[in-house]
Amino acid sequence: MSRTDLKIVIIGRNGQLASEANRHFQGLGEIVCIGRPEFDLLDIDKMRVELRRIKPSVVVNTAAYTAVDQAESEPEAAMKINSAAPESMAEEAKQLGALFITYSTDYVFDGTSTSSYQETDVTAPLNVYGVSKLRGERAVSAVGGSYLIFRTSWVYGVRSKNFLNTILKIAAERKELRVVDDQIGAPTWSRALATATRNIIEQLMAKSSSAKIPIAEALGDRRGIYHMTAAGTVSWYGFASAIVEEMRKRGLSEGTLARVTPVPSSQYPTPAARPHNSRLSNEKLNSTFGVALPSWRESLSAVFDELSTSRI
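## Side note on the overall build of the protein
1) Next: Helix and strand counts for the protein stand at ten helices and twelve strands.
2) Next: A compact globule built from 312 residues would reach a C-alpha radius of gyration of about 20 Å, and the protein, at 19 Å, matches this within 12%.
3) Next: With the C-alpha coordinates aligned to their principal axes, the bounding extent of the protein is approximately 60 × 40 × 40 Å.
4) Next: Across the 312 residues in the protein, those meeting the buried criterion constitute 53%.
5) Next: Across the protein, every contact between residues at least 6 apart in sequence was considered, and the portion connecting residues at least 24 apart equals 81%.
6) Next: In the protein, 37 side chains carry a positive charge and 34 a negative one; their mean positions are 3 Å apart.

Set out below in structure tokens:
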């Protein structure tokens, strides 16, 4: 489905999710991918002017301050980028009559629950990053308009700095990798996020066309927060082990690969505390939009298919 009258702005440009969205949104309409230096989330006024100039039908914000540990010493920057900037984007989108989509995190929860978190569960972030994302959620919700907030977790891909690329590098350099085994979540491929987001935009486009209403109005009472993660869960240790297993199976390293050893979080102290349980329930996303992401293991295999092909 393509609409010549539809203009989708993707904010983030060089980020791992923005690059996947830019690639996989093609064919929906006019795609405009923007980022620094002309679109700087620390320059709110300039950002507003740019959105008014472009006049999008859909605004997809993939940009964020994601340096979790660094945020502890840079709280003002984290709050501005993760809270003030999305709030301003939501305000501009509302004024333009545009649909606004942004992404949040499992870190809005404290991880003490023994089950998967629902969207309605009490939030209690443990670190500055989580607080900044939660404030962003609340600010966007307070603006109103047509908005979707997708909470996700442990995002990775073949581009940018992330857990996958870190393990790919150091597994061939070290004899042992000590990885925490008491933090559980769902590693989520950036491409799976982009594909799921496209699916929802397509649904809204179809309703918009059939009802002859703007795409923002097609969302109706479905606006709000949704969890969007890969199916299944694993610990960071389990994820690292799976990555090394794929490297070994596909011959992506000429030397001996590191042994992966599980350790408790207490043996790997970090400036920012992490939740032990980051499991998010995707039931609401599936029941509302019929969208379900592949399992984390299936996605990881697909990533390695791509990596193996690129090295041939």
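From this point on, the discussion continues.
## Notes on the packing of aromatic side chains
Note on aromatic pairs: each is described by the distance of the centres and the angle between the planes.
1) Next: Tallying each qualifying case throughout the model produces eleven aromatic pairs.
2) Next: Seen from their ring centres, W236 and F239 are 6.5 Å apart, and the 45° between their planes marks the pair as tilted. With W236 and F239 both in helix α8 (residues 236–250), this residue pair falls three residues apart, about one helical turn.
3) Next: The class for F239 is buried, based on a relative accessible area of 0%.

## Quick notes on the sheet that holds strand β4 (residues 99–105)
1) Next: In spatial order, the strands read β2-β1-β3-β4-β5-β10; together these six strands make up an open sheet with parallel pairing. With partners counted over all chains shown, the strands left at the sheet margins are β2 (30–34) and β10 (224–227), one partner each. Geometrically, the sheet is characterised by an average inter-axis angle of 20° between neighbouring strands, direction not taken into account.
2) Next: In the sheet, strand β5 (residues 147–152) pairs with β10 via four bridges, with the strands oriented parallel. When the bridges of β10 are listed, R151 appears paired with H227.

## Looking at the environment of V143
1) Next: Among the structural elements, V143 can be located in helix α4 (residues 128–143).
2) Next: Residues V143 and A93, 50 residues apart in the sequence, show an inter-C-alpha distance of 9.9 Å.
3) Next: When sequence neighbours within four positions are dropped, the list of residues in contact with V143 reads E87, A90, E91 and K94.

## Some points on the pattern of salt bridges
1) Next: Summed over all chains, the structure comprises 14 salt bridges.
2) Next: D69 is the salt-bridge partner of R274, the closest N and O atoms lying 2.5 Å from each other. Taken together, the residues R274 in the loop between β12 (259–263) and α9 (283–289) and D69 in the loop between β3 (58–61) and α3 (75–96) connect sequence positions 205 residues apart.
3) Next: Here R198 ties to E202 by a salt bridge, and the two come within 3.2 Å at their closest N and O atoms. With R198 and E202 both in helix α6 (residues 190–211) and four residues apart, this pair spans about one turn of that helix.
4) Next: Given a relative accessible area of 26%, E202 falls into the partly exposed group.
5) Next: Each member of the salt-bridge network shares a partner with another, and the members are R48, R52, E91 and E92.

Rules used throughout
Residues numbered from 1 in each chain as written. Predicted model: local features only at pLDDT ≥ 70, side-chain atom pairs only at ≥ 80, totals over all residues. Heavy atoms only, no water. Helix = DSSP H or I, 4+ residues; strand = E, 2+ residues; numbered from the N terminus. Rg over C-alpha atoms; globule rule 2.2 N^0.38 Å. Buried < 20%, exposed > 50% of the residue type's maximum accessible area, 1.4 Å probe, protein only. Contact = heavy atoms within 4.5 Å. Lys, Arg positive; Asp, Glu negative; His and termini not counted. Charge placed at Lys NZ, Arg CZ, Asp CG, Glu CD. Phe/Tyr/Trp six-rings, centres within 6.5 Å; stacked < 30°, edge-to-face > 60°. Pairing = 2+ DSSP bridges. Axes fitted to C-alpha atoms, helices over the stretch in contact; angles between N-to-C directions. Salt bridge = Lys/Arg side-chain N within 4 Å of Asp/Glu carboxyl O.

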